[in-house]
Amino acid sequence: APTGDGIELVLVSANLRRGNSVPDAMLRDLLALNADILALQEIPAGFLEDRPALRRAYPHGRAHASPIPPGGRAVLSRLPLAPGAPPMRGGDQPGHAAASFQVGAATLRVMSVHFDWPLIGAQAMQIDRFARFADDFRPAHGVHAALVGDFNAAAWSRAVARAGAVAGAAAVSGFNGTWRGAAPG
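On a predicted model such as this, the values are computed, not experimentally measured, just so you know. (Residues numbered from 1 in each chain as written. Predicted model: local features only at pLDDT ≥ 70, side-chain atom pairs only at ≥ 80, totals over all residues. Heavy atoms only, no water.)

Student: Is there a simple way to explain unusual backbone geometry in this structure?
Tutor: Note: most residues except glycine have negative phi, and most peptide bonds are trans. In the Ramachandran plot, Glu42 falls in the positive-phi region, its phi being about 50° despite a non-glycine side chain. Along the chain, the position of Glu42 falls in strand 2 (residues 37–43). Its identity is not glycine, yet Asn152 carries a phi of approximately 50°, on the positive side. Along the chain, the position of Asn152 falls in the loop between strand 8 (143–150) and helix 5 (158–167). (Helix = DSSP H or I, 4+ residues; strand = E, 2+ residues; numbered from the N terminus.)

Below, the structure written as structure tokens:
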């Protein structure tokens, strides 16, 4: 919640599901949210290139296409990139895209991550590799940071706690899971 004289922003994180059979509906939903910043995971191949309306609406940021599952990641914004910020980053391990944006007199660093499944995937290794990017996201004077994405873990899990500790961040409260599974109930 905004306090004092802060600037209120809308940051949306969405897993687009690389096998999404209705990508144009997803595009309409994303544009309808009218967010200032989009943090995307599992971007289907060709999604950004085939939908220029999204890049026109969000001209700034970093997209990392991935030749391996689970697809690409991106941080896209209506806000301009921050001058003198760490370089935009993106890679397959730990599965992320990151960029810094100018918000008034401050800088907002946003990293969109997608960690693997904890039991049969490489989640622990990804979080260990994530440590090399953490310095870019530690808050400093006039710098704020948001680490968002598909953690494949509950907000109270060890994985989220480890990622937060590495990034110098803490989980925010008031959020609920948005994934709708196919299991009954």
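Structure's up, so let's keep going.
Student: Is there a simple way to think about the pattern of salt bridges in this case?
Tutor: Close approach of charged atoms allows side chains with opposite charge to pair. Considering all chains together, one arrives at two salt bridges under this definition. Between Arg17 and Glu42 there is a salt bridge, and its shortest N-O distance comes to 4.0 Å. Placement of Arg17 in the loop between strand 1 (11–15) and helix 1 (23–33) and of Glu42 in strand 2 is noted, with a sequence separation of 25 residues between them. In this structure, Arg51 engages Asp24 in a salt bridge whose closest nitrogen and oxygen atoms are separated by 3.0 Å. One end of the pair, Arg51, is in the loop between helix 2 (47–50) and helix 3 (52–57); the other, Asp24, is in helix 1, and 27 residues separate them in sequence. (Salt bridge = Lys/Arg side-chain N within 4 Å of Asp/Glu carboxyl O.)

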